[in-house]
Amino acid sequence: MKLENKNKTKKFNSPIRDVEGAIPWEFDPNATYSETTLNDNWLKLKPDEYHQYRKDWTEIPKNFTPINFPLHLDIETTTYCNLKCPMCPRTQLVEQGKFNENGFITRDQYMKIIDEGTEYNLRSIKLNYLGEPLMHKDIAWQIEYAKKKGVIDVIMNSNGAALNEKNSEALLRAGIDGLFISFDAVNPKDYETQRVGATLGRTIDNLYKFVKLRNEIRPSCQVRVSMVMYDDPKWMEQYKALQVMWKGVVDAVGYSWYTERDEEISGEYDYVSGFHCAQPFHRMFLKNNGNVTICCVDDKDEVIVGNWKEQKLYDIWNGEKYIDIRAKHSSGEYNKIDMCRKCYLPVSIKQPGIKQEKAAE
């Protein structure tokens, strides 16, 4: 399924430019995501170490503070998915015949990652990238293992289609700290066009049951719904409707902009003086195929800094490639990195009045 033209990449008409008198870039460690908070009771239940971690999440990349290991790891536990969402880079790569690394991380591989990470005070993990984490039979064990090893924040994104009551209870008893459900519309037709293979009613039922169990078993677990936003008033209307629909149920509703991954369409953006990205300074992405990348949108593995199956994570983080990337961002030369020139964040402006997230994306 192809996206209609009206859902193509958001082109920002931003006043931020590298000219005299330009509006300065305001650093945001969560610049790829916007959120409206509906309830923060979960946050009041978090331990002090969590709040220190969230402070570090902002301050370390803002101040270019060197650390010997990332605060957060995104771990692609599987590349399998039960849906075919048209805006997803996985779906697009499959359609192009460019997605071949289907697989599941093994227990030994996972333990190797967590054991090394917690040796260096790893604070947070997210258990997915292009796959659906509920497709992995070990998902509850993965959460439990990380929590027992001392990881403060164990979170995951999910489309919610397989979030049955049995899975929900298993995740919560394992110690999950955050569940972020992709949920794009209150209109069944729009939802099922965006989340191909899922049905609106079933996902609603699944999420309601999860929240009910969350309230009983692990009230400190944050629950939010997230959607993909397009440059069309229709989708902002859906976002506002989601806030009404889920008020009193979930903790937050958020969105991220759809960005075109087709190089013939996406092109490059203007250079913005003062911009630097937070991601190379506090998180690292471990792909199922072994590649380690620096960015949440590097689905094509354009900037590979190492291989976690063959190298120590410490050595990758402190390697020459990663050091050079951080140096370019800290010196205002992010535009010397090919992939970074294609990123819309430097020229983006947040929608007014949107509160920012309190957990890793």
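Keep in mind that what you see is a predicted model, and the values were worked out from it rather than measured. (Residues numbered from 1 in each chain as written. Predicted model: local features only at pLDDT ≥ 70, side-chain atom pairs only at ≥ 80, totals over all residues. Heavy atoms only, no water.)

Bringing the pairing of strand S4 (residues 153-158) into the picture now. Among the six residues of S4, five are classified as buried, and the element is accordingly described as predominantly covered. Two strands pair when backbone bridges link them, and strand S3 (residues 124-126) and S4 are joined in this way by three bridges, in the parallel orientation. For Ser124, the partnering residue across the bridge sits in S4 and is Asp153. With helix H5 (residues 139-148) bridging S3 and the parallel S4, this β-α-β connection has right-handed handedness. Sheet topology places S4 next to strand S5 (residues 178-182); four bridges connect them, and they run parallel. The residue bridging Met156 from the neighbouring strand is Leu179, located in S5. (Buried < 20%, exposed > 50% of the residue type's maximum accessible area, 1.4 Å probe, protein only. Helix = DSSP H or I, 4+ residues; strand = E, 2+ residues; numbered from the N terminus. Pairing = 2+ DSSP bridges. Right-handed = clockwise from strand over helix to strand, strands pointing away.)

Strand pairing in a sheet is mediated by backbone hydrogen bonds. Such pairs are either parallel or antiparallel. Taken in spatial order, the 10 strands make up an open sheet running S1-S7-S6-S5-S4-S3-S2-S8-S9-S10, and their pairing is mixed. Because the sheet does not close on itself, it has two edges, and the strands there are strand S1 (34-37) and strand S10 (304-307). Taking each pair of neighbouring strands and ignoring which way they run, the sheet shows an average axis angle of 25°. Against the sheet, H5 contacts S3 and S4, and its axis sits at roughly 160° relative to S4. Helix H9 (residues 233-246) contacts S1, strand S6 (222-229) and strand S7 (252-257) of the sheet and is inclined by roughly 165° relative to S6. (Axes fitted to C-alpha atoms, helices over the stretch in contact; angles between N-to-C directions. Contact = heavy atoms within 4.5 Å.)

Take Gln311: it is sitting in the loop between S10 and helix H12 (313-317). Residues Gln311 and Gly290, spaced 21 residues apart in sequence, show a C-alpha to C-alpha distance of 9.6 Å. Those residues in contact with Gln311 that lie beyond four places of it in its chain are Lys112, Gly306 and Ile316. For Gln311, the side chain forms a polar contact with the main-chain nitrogen of Asn307, separated by 2.8 Å. (Polar contact = N/O pair within 3.5 Å; in protein donor to acceptor, adjacent residues only side chain to side chain.)

All right, on to helix H6 (residues 165-174) then. Among the residues of H6, those classed as buried are Ser168, Leu171, Leu172 and Ala174. All buried residues of H6 project into a common sector of 165° when viewed along the axis, lining one side. Among the exposed residues of H6, those pointing more than 90 degrees away from its buried face are Lys166 and Arg173. Residues of H6 that are buried sit in contact with H5, S4 and helix H8 (200-217). (Arc of directions from axis to C-beta.)

Turning our attention to the pairing of S1. Residue alternation in S1 divides its side chains into two sets, Ser34 and Thr36 and Glu35 and Thr37, and both sets are buried. The pairing of S1 with S7 spans four bridges and is antiparallel. The partner of Glu35 across the bridge, within S7, is Gly254.

A few words on the packing of H5 against H6. Following both chains from N to C, one finds H5 and H6 inclined at 10°, their axes separated by 8 Å at the closest point. Taken together, the axes of H5 and H6 lie roughly parallel to each other. When H5 is examined against H6, the residues Ile139, Ala140, Ile143, Glu144 and Lys147 are found in contact with a partner set consisting of Ala170, Leu171 and Ala174. Tallied by class, the residues present in the contact of H5 with H6 amount to six nonpolar, no polar and two charged. (Parallel < 35°, antiparallel > 145°, perpendicular 65-115°, else oblique. Nonpolar A, V, L, I, M, F, W, Y, C, P; charged D, E, K, R; others polar.)

On to the pattern of salt bridges, then. Using the criterion set out here, one finds 22 salt bridges in the structure. Measuring nitrogen to oxygen at the nearest pair gives 3.8 Å for the salt bridge that ties Asp177 to Lys46. Residue Asp177 is located in the loop between H6 and S5, and its partner Lys46 is located in the loop between helix H1 (41-44) and helix H2 (48-62); the two are separated by 131 residues in the primary sequence. Owing to a relative accessible area of 3%, Asp177 belongs among the buried residues under this scheme. (Salt bridge = Lys/Arg side-chain N within 4 Å of Asp/Glu carboxyl O.)

This part takes up the packing of helix H4 (residues 107-119) against H5. Viewed as axis vectors pointing N to C, H4 and H5 meet at an angle of 25°, and their least axial separation amounts to 10 Å. Judged by the angle between their axes, H4 and H5 are roughly parallel. For the element pair H4 and H5, the recorded crossing hand is right-handed. Where H4 abuts H5, its residues Arg107, Tyr110, Met111, Ile114 and Asp115 lie against Trp141, Gln142, Ile143, Tyr145 and Ala146. Its residues assigned to classes, the contact of H4 with H5 shows seven nonpolar, one polar and two charged. (Left-handed = near helix turned anticlockwise from the far one by under 90°.)

What follows is about H9. Taking 1.5 Å per residue as the helical rise, H9 with its 14 residues ought to reach 20 Å, and the 20 Å between its terminal C-alpha atoms agrees with that figure. Every buried residue of H9 is listed here: Trp235, Met236, Gln238, Tyr239, Leu242, Gln243 and Trp246. Projected down its long axis, H9 carries its buried residues within an arc of 155°, all on one side. Within H9, the exposed residues directed more than 90 degrees away from the buried face are Pro233, Glu237, Lys240 and Val244. Contact partners of the buried residues in H9: S1, helix H7 (188-194), H8, S6 and S7. (Expected span 1.5 Å × (residues − 1).)

Our next topic: unusual backbone geometry. Unlike most non-glycine residues, Asn121 shows phi in positive territory, near 65°. Note that Asn121 resides in the loop between H4 and S3. A positive phi is found at Asp301, a non-glycine position, where the angle reads about 55°. By secondary structure assignment, the location of Asp301 is in the loop between strand S9 (291-293) and S10.

Now for the confidence of the model for the chain. With 87% of its residues at a pLDDT of at least 70, the chain reaches an overall mean of 87. Under a pLDDT of 50 for its full length, residues 1-22 has, in the predicted model, 51 contacts with residues more than four places off or in other chains. (pLDDT = per-residue confidence, 0-100.)

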